[in-house]
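Residue-level listing of the chains:
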Amino acid sequence: MPLLFNDGPDAIERQNEAVSEEQRSSEISATPVKHFDAVVIGAGFSGLYMLYRLRELGLSTRVYEAGAGVGGTWYWNRYPGARCDSPSVHYSYSFSPELEQEWEWTEKYPRQPEILRYLNHVADRFDLRRDIQLNTRVLSIIYNEASNLWMIKTDQGDQVSARYCITAAGCLSTPNTPKFPGLASFQGQVYHTGQWPHEGVDFTGKRVGVIGTGSTGIQVIPQIAKQAAHVTVFQRTPNYSLPARNRPLTPEEKASVKANYPQLRQTDRESAAGFTITRNEQSALEVTAEERQKKFEEVWAIGGFQVLASFSDIGINLESNTYMADFVRAKIGETVHNPEVARLLMPHDHPIGTKRICIDTGYYETYNRENVSLVDVRTSPIEEITPTGLRTKDAEYELDALVCATGFDAMTGALFNMEIRGKNGQLLKEKWADGPRTYLGVMTAGFPNLFIITGPGSPSVLSNMTVSIEQHVEWIGDCVQYMREHHCSSIEAEVAAEDAWVAHVNEVANFTLFPRANSWYLGANIPGKPRVFMPYVGGVGNYRIKCQEVADKGYEGFCLMTYD
Ligand code: NAP
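Residues numbered from 1 in each chain as written. Predicted model: local features only at pLDDT ≥ 70, side-chain atom pairs only at ≥ 80, totals over all residues. Heavy atoms only, no water.

As a further point, take the overall build of the chain. Each helix and strand counted, the chain has 18 helices and 21 strands in total. Rg of the C-alpha trace for the chain: 24 Å, near the compact-globule value of 24 Å for 564 residues, within the 12% margin. Along the three orthogonal principal directions, the C-alpha set of the chain runs to about 75 × 55 × 45 Å. Here the chain holds 564 residues, and the buried ones make up 58% of them. For the chain, the proportion of contacts with a sequence separation of at least 24, taken over those separated by at least 6, is 72%. Entry remark: accessible area of the chain is about 22700 Å², with carbon and sulfur atoms responsible for 50%. If you average the places of the 53 positive and of the 68 negative side-chain charges in the chain, the two averages end up 3 Å apart. (Helix = DSSP H or I, 4+ residues; strand = E, 2+ residues; numbered from the N terminus. Rg over C-alpha atoms; globule rule 2.2 N^0.38 Å. Buried < 20%, exposed > 50% of the residue type's maximum accessible area, 1.4 Å probe, protein only. Contact = heavy atoms within 4.5 Å. Areas by Shrake-Rupley, 256 points an atom, 1.4 Å probe, with all protein chains shown as cover. Lys, Arg positive; Asp, Glu negative; His and termini not counted. Charge placed at Lys NZ, Arg CZ, Asp CG, Glu CD.)

Have a look at this one:
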């Protein structure tokens, strides 16, 4: 069967054409093979912008998206209460001044439906849909050394080749449902928050069990409690949660943001976390107890991530951190009426901020409701799910519905769900068996022309994701442009550069208190996953400078192959 090419006559394509038709056909089977300059996996924030950028460069691009719509995280996580805890005016694209001006965010922290509307608007406004194939899951991405092309297969029978493959598959997109014995026997409904039914769920009159008290559980529990007859929360580890203090944006705030967007975005890009937080540069140890309390009260009144910036050393000094943790525990004690329930809700097993901090609206107050009860499954573990409910070591609970807010196989889950094979047929999952290894979090040695957006080793989940996504997309776009200008057919991370980067990522993480918690940042939530700190703690601004320096030095630490 003839191959179909829709590439432009640019330098890369001339190189592609050097690959014989027979070569490609023999690699993929007899099915017609379509060729693209680039394949992007995922149509969330990353994939949409990557497509836009590659189109700007004139590359033929196909995006594969497993969902029936665009939106990624915001397409799947439709549970009641789902909301972003980065402020809306920061958690949005900056690449188009027109888009910034025309879109109206309504609240300080945007709800899931609003973010999903925004992403659909972006897809329409930039005419992105014609290159996005929905309802299509990529099964394998296999590098062919002879042709220097990636061969991509999907569950819809597509078999395509591409010079560049870019994963935009999300860091928190592979839901984790623990293998509770008896789960299949449950006669009620079971939901995972990350795969919430699109038609919604009516819990009226139902006895609902919720397992999990991370960011998601903390958002969903207050909402279900408003509707259900009874909610039983099964908590293994209490988390620290800070008040969101969400509210509608005023017309004055919206106008001011729109007038100042360029400065605001620049500050985000140069910041540590990807959005503007005013950090007190004092140590919590250099002030009196009264001054410390006053500061904590001040930031508590503001709410959100600002609380963690009350002093400069909350993340690195255990004594300072303990002051902050004690303050939050005291707030829980003040809010929750039942002292025993309050005690169970107080975290003691990790420094504050070392697991992803939660941001809530009325979470602790929810435990003052008559229809909400808390079960400590640390001391009395879940033994099985029965046909009529859940049994712990000490008691049985009758349930009509079970909600698993049990998180995700973070950062590597979506990549390992695909068969990704690089040079010499090496499987990515095998290369990363002892933990992910990347150079700058964007490429891994042995996998030429495969880019990972917000991969392990980049600030990613420790930052405002939209800022990190834009930086990666733009760096990748610039890299592709450079390759064209310099007649390069492939780019690949060098092993030495990768080793040095992995060592640096670990060194920086070990300087902080992060490694002290059993968090998903370390893979601790998935049985058998290697315990390696995955995101880069060094800060968005510093990381951006490093990436730019690498590019400015002709992609130092990468091996570029030319074809002239
Ligand atoms: P998560 O933070 O991993 O929390 C999962 C919860 O399920 C934990 O409480 C965990 O307990 C519990 N759990 C897991 N397996 C269990 C088992 N076998 N038995 C009992 N309990 C079990 O997941 P998440 O809440 O979905 O949040 C994941 C990340 O998504 C967040 O950290 C955040 O980055 C992002 N997110 C953001 C927002 C937002 O922007 N507002 C909202 C939701 C999520 P243990 O702690 O004991 O393991």
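Okay, back to it.
Neighbouring residues of the ligand: 24 residues in total, closest R83, T213, T216, R236 and T237. Between the ligand and the protein, one listed contact pairs an oxygen atom with a backbone N or O atom of T213 at 2.9 Å. Note that an oxygen atom of the ligand is positioned 2.9 Å from one of the side-chain N or O atoms of W520. Here the ligand, which alone exposes 910 Å², has 87% of that area covered by the protein. (Near = heavy atom within 4 Å. Polar contact = N/O pair within 3.5 Å; in protein donor to acceptor, adjacent residues only side chain to side chain.)

So, on to the sheet that holds strand β14 (residues 382-386). The antiparallel open sheet is built from three strands, whose spatial order is β14-β15-β16. The strands lining the two open edges of the sheet, one partner per strand, are β14 and β16 (396-398). Across the sheet, the mean angle from the axis of one strand to that of its neighbour is 20 degrees, orientation sign disregarded. Across four bridges, the pairing between β14 and strand β15 (residues 389-392) is antiparallel. Note that in β15 the partner of T386 across the bridge is G389. (Pairing = 2+ DSSP bridges. Axes fitted to C-alpha atoms, helices over the stretch in contact; angles between N-to-C directions.)

One finds Y93, I166, L440, F451, W475 and F558 to be the most contacted residues of the largest nonpolar core, which totals 77 residues. Excluding its chain neighbours within four sequence positions, the residues that come into contact with F558 are Y439, L440, V442, M443, W475, I491, E492, A493, E494 and V550. With 53 residues, the next largest nonpolar core counts A244, I332, L345 and Y364 among its residues. (Core = buried A, V, L, I, M, F, W, Y, C linked by side-chain atoms within 4.5 Å.)

Okay, the pattern of salt bridges next. Within the structure shown, the criterion is met by 27 salt bridges. For R129, the salt bridge is made with D124, and the minimal N-O distance between the two is 2.6 Å. Residue R129 is classed as partly exposed on the basis of its relative accessible area, which comes to 32%. Residue classification places D124 among the partly exposed positions, given a relative accessible area of 49%. Of the charged contacts, one joins E253 and R247 as a salt bridge, the two residues approaching to 2.8 Å between their closest N and O atoms. Residue R247 is classed as partly exposed on the basis of its relative accessible area, which comes to 35%. (Salt bridge = Lys/Arg side-chain N within 4 Å of Asp/Glu carboxyl O.)

Right, let's get into the sheet that holds strand β9 (residues 207-211). Read from one edge of the open sheet, five strands run β8-β17-β9-β10-β13, paired in parallel fashion. Two strands bound the open sheet, and with one partner strand each, they are β8 (189-192) and β13 (372-376). Going from strand to strand, the sheet's axes swing by 20 degrees on average, the running direction of each strand aside. As defined by bridge partners, strand β10 (residues 230-235) adjoins β13 across five bridges and the pair is classed as parallel. Along β13, the bridge assignment pairs F234 with V375. Strands in contact with helix α7 (residues 215-225) are β9, β10, β13 and β17 (401-404); relative to β9, the strand with the most contacts, it is inclined by about 175 degrees.

Tallied over the full model, the rule gives 41 aromatic pairs. Here Y439 and F558 contribute two aromatic rings whose centre-to-centre distance is 4.7 Å and whose plane-to-plane angle is 45 degrees, an arrangement assigned as tilted. Here F558 lies in strand β21 (residues 558-562) and Y439 lies in the loop between α15 (428-431) and β19 (450-452), a separation of 119 residues in the sequence. Aromatic ring contacts, followed pair by pair, group F45, Y49, Y52, W74, Y91, Y93, F95, W103, W105, Y118 and F126 into a single cluster. Its end group placed over the ring of Y75, R78 keeps NZ or CZ at 4.8 Å from the ring centre. The ring of Y323 has R292 lying over it, and the distance from NZ or CZ to the ring centre is 3.5 Å. (Phe/Tyr/Trp six-rings, centres within 6.5 Å; stacked < 30°, edge-to-face > 60°. Lys NZ or Arg CZ within 6 Å of the ring centre and 35° of its normal.)

Side chains of strand β3 (residues 61-64) alternate between two faces, with T61 and V63 and R62 and Y64 buried alike. The pairing of strand β2 (residues 34-41) with β3 spans four bridges and is classified as parallel. Residue V40 lies in a different strand from β3, and its bridge partner there is V63. Taken together, β2, helix α3 (residues 45-56) and β3 constitute a β-α-β crossover, and its handedness is right-handed. For β3 and strand β4 (residues 132-133), the ladder comprises two bridges, and the chain directions are parallel. Across the sheet, the residue bridging to V63 is I132, located in β4. (Right-handed = clockwise from strand over helix to strand, strands pointing away.)

Take α7 next. Where burial is concerned, most of α7 is hidden: nine out of the 11 residues are buried. Where α7 is concerned, the buried positions are T216, G217, I218, Q219, V220, I221, P222, I224 and A225.

Running from N to C, helix α9 (residues 261-270) and helix α18 (residues 540-552) point in directions that differ by 85 degrees, and their axes come no closer than 6 Å. One way to sum up the angle between α9 and α18 is to call them roughly perpendicular. Counted together, D268, R269 and E270 of α9 and V540, G541 and R544 of α18 form the full contact between these two elements. For the contact of α9 with α18, a count of residues per class yields one nonpolar, one polar and four charged. (Parallel < 35°, antiparallel > 145°, perpendicular 65-115°, else oblique. Nonpolar A, V, L, I, M, F, W, Y, C, P; charged D, E, K, R; others polar.)

A few words on the environment of G182. Mapped onto the elements of the fold, G182 is located in the loop between β7 (159-167) and β8. Taking the relative accessible area as the measure of exposure, G182 reaches 31% and is therefore partly exposed. Taking C-alpha positions, G182 is 38 Å from I142, a pair spaced 40 residues apart along the chain.

Geometric descriptors of this kind do not, in isolation, establish any biological role.
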